[in-house]
Amino acid sequence: MAKAAKTPSSPLQTEAAPADLHFDRENPRFVDMGYTDEADIIRELYDHADVDELIQSILSAGYIDFEPLIVLRAGNIVLEGNRRLAALRLIANEDLRRKLKISLPDIKTLKPLPDKVRVLVVEHRDHARSFIGFKHINGPHKWDALAKAKYAAQWYESGGDIGTISRTLGDNHNTVRRLVNGWFALKQAIKDGFDLTQISKKNFAFSHLYTALTRASVRDYLGLNNEDLSAPPQTDPIAPSKRGELQQLMSWLYGQEHKGESTIIQSQNPNLNELSKVLAHPEAKAMLMAKRDLRVAYERVEPASARFEEALMTAAKQCEDVLGLAGAYNSDPTLLKVAEGMQRTTRALVTTMREQQVEAGDS
């Protein structure tokens, strides 16, 4: 159940030394990593939030105090401005740079660091939500889908309703609801043992999960009511009896390399559609459970003749598109060889189809 939102009070603008400020461990950029050392947070921001570019700018042009950091009074926690704080800390602290194996760029004339920076002090996280959310979701420093989902879910849990959150963040109801539902399912999966550090691919494609949760067959597999897609999000959407299925779904979507389980989703289109169809087909689902091979399982769903027709129509459309661009051919002999190879393949295809047509007529 979402909590009642705090009543905003007037924020206080003042100044603070960067050394007296602390990073926000609940920052939407972090996905329940359990950071206890601020050096780990700085490492994460440096690796994934372009802090190196910010350092370059500060050293070259100086710290431009274009807007205050937003700071939660309790604990001096920086709710907005963690990238800037990380850059200032790295520039000022040689021991920290040595520990993290980070070097400053070679700049001849360095601009001095400020002793203090402007901060806007708020009493509660809710008081800063509207500004931070709009800036990072529709403004100049956009978060990825996972960070958006975490931010919207935290707001929802603190008392915000989906309508208000959607209007403030500039997204429609369905988009925000899908993000929040995906976040709550991810939290359950992580709690039960899903390890984000052991996924098959470097980047976590959160869209696989929140999109899958809208598919009827996936919802049936997880024991979710298909009529609840428009209902308010639940913080624990998956029933205890289906948590094993959630772990299996997460393994299919992302892999768990320490268990020897690679993802079966190479790309959302078409693989997520194929997985959805497999889960709706009892025999195909059993094959997927036994073989962990989406291609083999999907063959039980769609006959080879249907897949042939789809592939042929797709190839024909692509050939038409290429022909329309033929006037832009730049005489590259390699491309001509590719086209000649396509010609030979097409002839062989037509020959095979004609032979099978004759055989069908004789039978």
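Rules behind the numbers
Residues numbered from 1 in each chain as written. Predicted model: local features only at pLDDT ≥ 70, side-chain atom pairs only at ≥ 80, totals over all residues. Heavy atoms only, no water. Helix = DSSP H or I, 4+ residues; strand = E, 2+ residues; numbered from the N terminus. Rg over C-alpha atoms; globule rule 2.2 N^0.38 Å. Buried < 20%, exposed > 50% of the residue type's maximum accessible area, 1.4 Å probe, protein only. Contact = heavy atoms within 4.5 Å. Areas by Shrake-Rupley, 256 points an atom, 1.4 Å probe, with all protein chains shown as cover. Lys, Arg positive; Asp, Glu negative; His and termini not counted. Charge placed at Lys NZ, Arg CZ, Asp CG, Glu CD. Salt bridge = Lys/Arg side-chain N within 4 Å of Asp/Glu carboxyl O. Phe/Tyr/Trp six-rings, centres within 6.5 Å; stacked < 30°, edge-to-face > 60°. Polar contact = N/O pair within 3.5 Å; in protein donor to acceptor, adjacent residues only side chain to side chain. Core = buried A, V, L, I, M, F, W, Y, C linked by side-chain atoms within 4.5 Å. Pairing = 2+ DSSP bridges. Axes fitted to C-alpha atoms, helices over the stretch in contact; angles between N-to-C directions. Parallel < 35°, antiparallel > 145°, perpendicular 65-115°, else oblique. Nonpolar A, V, L, I, M, F, W, Y, C, P; charged D, E, K, R; others polar.

**Student:** Explain the overall build of the protein chain to me, using residue names and the numbers behind them.
**Tutor:** Secondary structure assignment for the protein chain yields 16 helices and 5 strands. Against the 2.2 N^0.38 benchmark of 21 Å for 363 residues, the protein chain shows a C-alpha radius of gyration of 27 Å, more extended than a compact globule. Projected onto its principal axes, the C-alpha positions of the protein chain cover 90 × 60 × 40 Å. Sorting the 363 residues of the protein chain into buried and exposed places 39% on the buried side. Considering only contacts in the protein chain between residues 6 or more positions apart, those separated by 24 or more positions represent 69%. Surface summary for the protein chain: the accessible area is close to 20500 Å², and the carbon and sulfur share equals 51%. In the protein chain, which carries 47 positive and 49 negative side-chain charges, the distance between the mean positions of the two groups comes to 2 Å.

**Student:** Break down the side chain of Arg177 for me, with residues and values.
**Tutor:** Following the sequence through the fold, Arg177 ends up in helix α8 (residues 173-191). Of the buried charged residues, Arg177 lacks a salt bridge, with Asp161 as the closest side chain of opposite charge at 8.9 Å. When residues no more than four places from it in sequence are discounted, the contact partners of Arg177 are Ile162, Leu229, Ser230, Ala231 and Pro233.

**Student:** Give me the packing of aromatic side chains: which residues, what numbers.
**Tutor:** Throughout the structure, instances matching the rule amount to 7 aromatic pairs. When the ring of Phe204 is compared with that of Tyr254, the centres are 4.4 Å apart and the planes differ by 35°; the resulting orientation is tilted. Separated by 50 residues along the polypeptide, Phe204 in the loop between α8 and α9 (206-212) and Tyr254 in helix α11 (residues 243-254) bring together distant segments of the chain. Ring pairing ties together the aromatic residues Phe194, Phe204, Phe206, Tyr210 and Tyr254, which thus form one cluster.

**Student:** Tell me about the side chain of Arg219, residues and numbers included.
**Tutor:** On the secondary structure map, Arg219 appears in helix α10 (residues 216-221). The class of Arg219 is buried, set by a relative accessible area of 8%. Within the structure, Arg219 has its side chain in polar contact with the backbone oxygen of Leu213 (distance 2.9 Å).

**Student:** How would you sum up the nonpolar core? Please name residues and give values.
**Tutor:** Ranked by internal contacts, the top residues of the largest apolar core, which has 57 residues, are Leu186, Phe194, Phe204, Phe206, Leu222 and Leu275. With residues near it in sequence (within four places) discarded, Phe194 still touches Leu186, Ala189, Ile199, Phe204, Gln247, Met250, Tyr254, Gly255 and Gln256. The next biggest cluster of nonpolar side chains, apart from the first, holds 32 residues, and it includes Ile41, Ala49, Leu88 and Val121.

**Student:** Tell me about the pairing of strand β5 (residues 117-122), and name the residues and values.
**Tutor:** Relative to β5, strand β1 (residues 12-16) runs antiparallel, the two sharing 5 bridges. Note that in β5 the partner of Thr14 across the bridge is Val119. Pairing between strand β3 (residues 69-72) and β5: 4 bridges, direction parallel. Within β5, the position partnered with Leu69 by the bridge is Val119.

**Student:** Break down the sheet that holds β5 for me, with residues and values.
**Tutor:** Spatially, the 5 strands line up as an open sheet ordered β1-β5-β3-β4-β2, and their pairing is mixed. In the strand order of this sheet, the two ends are held by β1 and β2 (22-23), each with one partner. Looking at chain direction, β2 and strand β4 (residues 77-80) are connected through 2 bridges and run parallel. Considered in β4, the bridge of Phe23 is made with Val78.

**Student:** Any details on the packing of α8 against α11? Residues and values, ideally.
**Tutor:** Two numbers describe how α8 lies on α11: the axes approach to 10 Å, and their chain directions differ by 100°. Classified by the interaxial angle, the pair formed by α8 and α11 is roughly perpendicular. Every residue of α11 that contacts α8 at Ala185, Leu186, Gln188, Ala189 and Lys191 is listed here: Arg243, Leu246, Gln247 and Met250. In terms of residue class, the contact of α8 with α11 is built from 5 nonpolar, 2 polar and 2 charged.

Without other data, these values stay purely geometric and don't point to any function.
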